[in-house]
Amino acid sequence: MSGRRSLALIWRWPSLLAVSSIFGLLSALLGQTDFWLPLSWIALAAPLAVAAVCIGRSRA
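Read on for a plain summary of the structure.

Rules behind the numbers
- In this numbering scheme, every chain counts its residues from 1 along its sequence in written order.
- In keeping with the predicted nature of the model, local features appear solely for residues at pLDDT of at least 70, side-chain atom pairs appear and are counted solely at 80 or more, and the whole-chain, interface and lining totals rest on all residues.
- Hydrogens and water molecules were not included; the side-chain quantities draw on all heavy atoms of the structure.
- Helix and strand assignments follow DSSP, with helices taken as H or I runs no shorter than four residues and strands as E runs no shorter than two, numbered in order from the N terminus.
- Here a helix's expected span is defined as the number of its residues, less one, multiplied by 1.5 Å.
- Bending is quantified residue by residue as the angle between axes fitted to the seven-residue window ending at that residue and the seven-residue window starting at it.
- Think of it in three bands: residues with accessible area under 20% of the maximum for their type are buried, residues over 50% are exposed, and the middle band is partly exposed, with areas taken using a 1.4 Å probe on protein chains only.
- Two residues qualify as a contact provided that any one of their heavy atoms is within 4.5 Å of a heavy atom in the partner residue.
- Planes of paired rings set the category: under 30 degrees apart is stacked, over 60 is edge-to-face and the rest tilted, where pairs are Phe, Tyr or Trp rings (Trp by its six-membered ring) whose centres lie within 6.5 Å.

**Describing helix α1 (residues 7–30)**
Then, in step 1: Relative to the 34 Å expected for 24 residues at 1.5 Å per residue, α1 spans 33 Å between its end C-alpha atoms, a close match to the ideal helical length.
Then, in step 2: Along its length, α1 shows its largest kink, about 35°, at Trp-13, and proline Pro-14 lies within four residues downstream of that point.
Then, in step 3: Listing the buried residues of α1 in full gives Ser-20, Gly-24 and Ser-27.
Then, in step 4: Contacts from the buried residues of α1 go to α2 (36–59).

Here you go:
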């Protein structure tokens, strides 16, 4: 078994995905102009894309 990983290393990506989701939700709710809507779609699609990649890697 390899050495222990730090909490910062373990929680780095989940924290980034949580911030992306929160940003996407807030930008979709608060920004109703042409700039904010595509930005919210991208921010909300990023965690889904990461999950799809991780599921694809685990099956291969």
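**Structural notes on the packing of aromatic side chains**
Think of a pair of aromatic rings as described by two things: how far the centres are apart, and how the planes are tilted against each other in angle.
Then, in step 1: Tallied over the full model, the rule gives two aromatic pairs.
Then, in step 2: On the basis of an interplanar angle of 55° and a centroid distance of 6.3 Å, the ring pair of Phe-23 and Trp-36 is categorised as tilted. Here the residue Phe-23 occupies a position in helix α1, and Trp-36 occupies one in helix α2, the gap between them amounting to 13 residues.
Then, in step 3: On the basis of relative accessible area, Phe-23 is assigned to the partly exposed category, the value being 37%.
Then, in step 4: Classification of Trp-36 as partly exposed rests on a relative accessible area of 33%.
Then, in step 5: Each ring, one from Phe-35 and one from Trp-36, has its centre 5.3 Å from the other, and the planes form 80°; the classification is edge-to-face.
Then, in step 6: An aromatic cluster of three or more residues is present, and its members are Phe-23, Phe-35 and Trp-36.

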